[in-house]
Amino acid sequence: MSAEPATAPHRTPVRPTRTAPYGFWRRLLPFLAAVALAIRLPSFLHPFWSPDEGYLAVQARILANGGELYETVVDRKPPLLPWLYEAAFTFFGDGSAQAMKLLAIAAQFTTAALLAAVARRRWGDRSGVTAGVLFLLISVGFIPQDTQAVTFEVVILPCTAAAVLCADRGRWGAAGVAVAGAFLTKQTGGVVLIPVLWLLWQATGPGPSLRPALLRTGAGFAAPVAAAALLTDPAGFVFWTVTGSGAYAFSLTGSELHVLIRALVNSLILCLCCVGIVPPVRRALRTTRGPAGKPPTDLWVWFAASAGAVTVGFHFYGHYFLQLLPPIALLATATLRSLRHERLRRVLSVPAGACALFVIWAFFAPHAELTHAERVATAVRQHSDPTDRVLVWGMHPQTYRLADREPASRYLTAGLLTNFSGGRDGPQVGEEFGMPGAWRVFAEEMRARPPALIVDDSRGKPYAPERLPTLRRLLAAQYEPLPGTVEGTVLYVRSSGS
């Protein structure tokens, strides 16, 4: 079957044009800012249940009160986002959730602007507009708690886009710094180093300029990472961000079906959000002749590296997929740039409609888990004093903040002590699968400063106290349950003889 003629309407070449930079950005940036604000409006109207956001908020509160990262409070993540939360709490107060929501809007806007800069540099003004707008339209294409909360992936995205833009311009030191910013937000953000190195090789080849470029990239990456390690605790930084999470990052045993279903569902949701651009992109890739009409290889490298980052850990949460969106937006822009203006507007109207549906969903989405956490927090306040330390044994760290109580342990969820995450119900959950040495530290915390109240929020999950000898013995020896439950959650107070 012969290819369509080169003059077919959907493939008519559009000559790249560039206006004066000031005029282009003066028109585009306010529009991108307005779209970024519009798609995240639901986050200002009501909170969303997000364990990551809850964990960060409690963690930042401890840090703002003098705590130390990787010592007083711990997590498997690098320090950049906890520090940003801490800064917001320090300057705007503990109730500064609005500041972090504005930060998320700034991150979305910055990512869109950086992608627009990449596309404009390569293919002209119209492609710059397409890339920026398209990214924002598809960036809300998952369940609301994945796209409206202020989580790690949202802050990763501007760093990854900046890394690719700097590499595209040959600014290798700045590209290394941007890669470090992504890595220091979440470890998987560091995979953007792969397309950066690809661009470096394309720019220098094996010639004499390769070594200086590599050194500048490496120095740009190493300096911020080393500074972060020194500002915390170097040994703790390495343990909590690299060496101590093997079971969490690579274990799949016993959860294969659960993980497969989640991966399939979130992949389908992503395809639904991008449904309008898939047919024309597929058609352009099939019929366009010559490398000038196809996306550059570095964008496919970026997409593949990001897909690998989504796969690490075999969790496949919806917010993990956000890391795919910048390369998807540029790949689509590269293939859509040959369309006439009218055809391009029709194509983009489909993701715009899907975006509107996802935003409406966010306005009206139920909040069952958050409502449960609020009810548990109310019970915690009723049965404890403001100065009491409490232990919430579950996966709802925001309960501490909702109840305005100090955690009794540096481990804010049961996940760090049992390797439970994402509903895993196989043999890889239990005391022996927790972070190395965590139960010894936990037992010392319970002996040194026993919590006034223990909240068993496991509700039949694999990390329930009856399955954990250390916690089971603690409850039997020193605590007694209060009458009744809060939707299956049991509260324990210290017994009179303890």
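Look up: the structure comes first, before these words.
The structure reproduced in this document is the subject of the present report. (Residues numbered from 1 in each chain as written. Predicted model: local features only at pLDDT ≥ 70, side-chain atom pairs only at ≥ 80, totals over all residues. Heavy atoms only, no water.)

### Notes on the overall build of the protein chain
Scanning the protein chain from N- to C-terminus turns up 23 helices and five strands. Expressed as a percentage of its 498 residues, the buried residues of the protein chain come to 57%. Taking contacts inside the protein chain between residues at least 6 apart in sequence as the whole, the part at least 24 apart equals 76%. As displayed, the protein chain has an accessible area near 21100 Å², and 64% of this comes from carbon and sulfur atoms. (Helix = DSSP H or I, 4+ residues; strand = E, 2+ residues; numbered from the N terminus. Buried < 20%, exposed > 50% of the residue type's maximum accessible area, 1.4 Å probe, protein only. Contact = heavy atoms within 4.5 Å. Areas by Shrake-Rupley, 256 points an atom, 1.4 Å probe, with all protein chains shown as cover.)

### Description of the side chain of T232
Summarising the element assignment, T232 is placed in the loop between helix 11 (210-231) and helix 12 (234-243). Reaching out from T232, the side chain makes a polar contact with the backbone oxygen of A229 at a distance of 3.2 Å. Look past the residues within four positions of T232 in its chain and what remains in contact with it is L69, Y70, P79, W83 and F237. (Polar contact = N/O pair within 3.5 Å; in protein donor to acceptor, adjacent residues only side chain to side chain.)

### Some remarks on the pattern of salt bridges
Pairs can form between side chains of opposite charge whenever their charged atoms are close. Counted under the stated rule, the structure contains 13 salt bridges. R122 is the salt-bridge partner of D168, the closest N and O atoms lying 3.1 Å from each other. On the criterion of sequence distance, the pair formed by D168 in helix 8 (residues 152-168) and R122 in helix 5 (residues 97-123) is long-range, its members being 46 residues apart. Take D168: its relative accessible area is 17%, and that puts it in the buried class. Here K186 makes a salt bridge to E153, at a shortest N to O gap of 2.5 Å. Separated by 33 residues along the polypeptide, K186 in the loop between helix 9 (172-185) and helix 10 (193-204) and E153 in helix 8 bring together distant segments of the chain. The two residues K186 and E153 agree in class, both being buried. Taken together, the shared-partner salt bridges in this structure form one network comprising R121, R122, D168 and D298. (Salt bridge = Lys/Arg side-chain N within 4 Å of Asp/Glu carboxyl O.)

### A short note on unusual backbone geometry
With phi around 70°, Y70 is a residue other than glycine that occupies positive phi space. With respect to the helices and strands, Y70 occurs in the loop between helix 3 (51-64) and helix 4 (80-92). Given the relative accessible area of 5%, Y70 is considered buried. For F316, which is not glycine, the phi torsion reads 60° and is therefore positive. With respect to the helices and strands, F316 occurs in the loop between helix 16 (297-311) and helix 17 (325-336).

### Observations regarding helix 5
Given a rise of 1.5 Å per residue, 27 residues ought to cover 39 Å, and the 39 Å separating the end C-alpha atoms of helix 5 matches this to within 8%. The positive-phi residue at the C-terminal boundary of helix 5 is G124, with phi of around 105°. (Expected span 1.5 Å × (residues − 1).)

### Details of the sheet that holds strand 4 (residues 479-481)
Across the sheet, which stays open at both edges, the five strands sit in the order 2-1-3-5-4 with mixed pairing between neighbours. Two strands in the sheet have a free side with no partner beyond their single neighbour: strand 2 (406-407) and strand 4. As defined by bridge partners, strand 1 (residues 389-393) adjoins strand 2 across two bridges and the pair is classed as parallel. Across the sheet, the residue bridging to V390 is P407, located in strand 2. Those strands touched by helix 23 (residues 469-478) are strand 1, strand 3 (453-456), strand 4 and strand 5 (490-494), and its axis lies near 85° from that of strand 4. (Pairing = 2+ DSSP bridges. Axes fitted to C-alpha atoms, helices over the stretch in contact; angles between N-to-C directions.)

### Brief notes about the packing of aromatic side chains
Scanning all chains against the criterion turns up 14 aromatic pairs. Grouping aromatic residues by their ring pairs yields a cluster made of F239, W240 and Y411. Taking the ring centre of F152 as reference, the NZ or CZ of K77 above it sits at 5.1 Å. We note R120 situated over the ring of F24; from NZ or CZ to the ring centre the distance is 4.6 Å. (Phe/Tyr/Trp six-rings, centres within 6.5 Å; stacked < 30°, edge-to-face > 60°. Lys NZ or Arg CZ within 6 Å of the ring centre and 35° of its normal.)

### Some points on the environment of L32
Checked against the element boundaries, L32 lands in helix 1 (residues 21-39). We classify L32 as buried; its relative accessible area is 0%. Measuring from C-alpha to C-alpha, the distance between L32 and A116 comes to 10.0 Å, with 84 residues separating the pair along the chain.

### Regarding the pairing of strand 3
Going residue by residue along strand 3, you find L453 and V455 tucked away on one face and I454 and D456 tucked away on the opposite face as well. Bridging between strand 3 and strand 5 involves four bridges; their strand directions are antiparallel. Paired with L453 across the two strands is V493, which belongs to strand 5.

### Let's talk about the nonpolar core
One finds Y85, F135, L136, L270, L330 and L336 to be the most contacted residues of the largest nonpolar core, which totals 88 residues. Residues contacting L330, with those up to four places away along its chain left out, are L115, V118, A119, W123, A131, L299 and W302. The next biggest cluster of nonpolar side chains, apart from the first, holds 55 residues, and it includes V380, Y400, A414 and L475. (Core = buried A, V, L, I, M, F, W, Y, C linked by side-chain atoms within 4.5 Å.)

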